[in-house]
Amino acid sequence: MMLLNNRQFEHYVENMSIQDVIDVMKFTYPRLVVKVNGKLIQKKEYSNVFLNENDDVKIHHLLAGG
């Protein structure tokens, strides 16, 4: 089972991309930080990086503050 933000991601299917995960989770934040197994993934790569069953995925949104 794939992990998303330290929880089991039950919607995982084979050949799922990072963009697919973002779509399924309905993440609409304009700025996301995505890591797969500790490796930072650039936004332009979201549709081209495919996930494996045992991957540890972190997706966090950036907040601005002052």
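These notes cover the structure that comes with them. (Residues numbered from 1 in each chain as written. Predicted model: local features only at pLDDT ≥ 70, side-chain atom pairs only at ≥ 80, totals over all residues. Heavy atoms only, no water.)

**Looking at the environment of Leu 51**
Mapped onto the elements of the fold, Leu 51 is located in the loop between strand 4 (39–41) and strand 5 (56–61). On a C-alpha basis, the gap between Leu 51 and Leu 40 in space is 14 Å, while along the polypeptide they are 11 residues apart. With residues near it in sequence (within four places) discarded, Leu 51 still touches Met 2, Tyr 12, Met 16, Ser 17, Ile 18, Val 21, Val 36 and Val 57. (Helix = DSSP H or I, 4+ residues; strand = E, 2+ residues; numbered from the N terminus. Contact = heavy atoms within 4.5 Å.)

**Overview of the environment of His 11**
By the element assignment, His 11 lies in the loop between strand 2 (7–8) and helix 1 (18–25). For the pair formed by His 11 and Val 34, sequence separation is 23 residues and the distance between their alpha carbons is 18 Å. Contact partners of His 11, with chain neighbours within four places excluded, come to Met 16 and Val 24.

**Describing the side chain of Asp 55**
Along the chain, Asp 55 falls in the loop between strand 4 and strand 5. For the buried Asp 55, no salt bridge is present, and the opposite-charge side chain at shortest range is Lys 39, 11 Å distant. Separated by 2.7 Å, the side chain of Asp 55 and the backbone nitrogen of Asn 52 make a polar contact. For Asp 55, the residues in contact, after removing those within four places along its chain, are Met 2, Leu 3, Val 36 and Asn 37. (Buried < 20%, exposed > 50% of the residue type's maximum accessible area, 1.4 Å probe, protein only. Lys, Arg positive; Asp, Glu negative; His and termini not counted. Salt bridge = Lys/Arg side-chain N within 4 Å of Asp/Glu carboxyl O. Polar contact = N/O pair within 3.5 Å; in protein donor to acceptor, adjacent residues only side chain to side chain.)

**Some remarks on the pattern of salt bridges**
Opposite charge on two side chains allows them to pair when their charged atoms are near. Following the criterion strictly, the structure yields one salt bridge and no others. The closest approach of N and O atoms between Lys 58 and Asp 56, which form a salt bridge, is 3.0 Å. Taking relative accessible area as the criterion, Asp 56 reaches 27% and is therefore assigned partly exposed.

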